Amino acid sequence: MAIALKELGLLSVDEQESILEGLMSNYDPIQVNDNNYMIPREVNELIDDLFIEVNKLRKIIEETNIGESQD
């Protein structure tokens, strides 16, 4: 990463801004245990989709009483 940043220094300010804006536009922030991370947008979308699916499954389990004894 340090080598790439040194190479950025050889570019004009406009070129640097364009590259850095492009990098940031493909990443989304996520907070885990009070720490902030930048993750690829596709990974963030995957996390969101998995969250939705887990909630759907949780509702199905609650509605069908799966795991409860049938005394």
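Cut-offs and rules
Residues numbered from 1 in each chain as written. Predicted model: local features only at pLDDT ≥ 70, side-chain atom pairs only at ≥ 80, totals over all residues. Heavy atoms only, no water. Helix = DSSP H or I, 4+ residues; strand = E, 2+ residues; numbered from the N terminus. Buried < 20%, exposed > 50% of the residue type's maximum accessible area, 1.4 Å probe, protein only. Polar contact = N/O pair within 3.5 Å; in protein donor to acceptor, adjacent residues only side chain to side chain. Contact = heavy atoms within 4.5 Å.

Notes on unusual backbone geometry
Backbone geometry at Asn33 places phi at a positive 50 degrees, although glycine is not the residue there. Note that Asn33 resides in the loop between β1 (27-32) and β2 (35-40). Positive phi outside glycine occurs at Asp34, with the angle close to 65 degrees. In this fold, Asp34 is placed in the loop between β1 and β2.

Points about the side chain of Asp28
Here Asp28 shows up in strand β1. Given a relative accessible area of 14%, Asp28 falls into the buried group. Polar contacts involving the side chain of Asp28 include one to the side chain of Arg41, which spans 3.0 Å. Those residues in contact with Asp28 that sit more than four places away from it in its chain are Tyr37, Met38, Ile39, Arg41 and Asn44.

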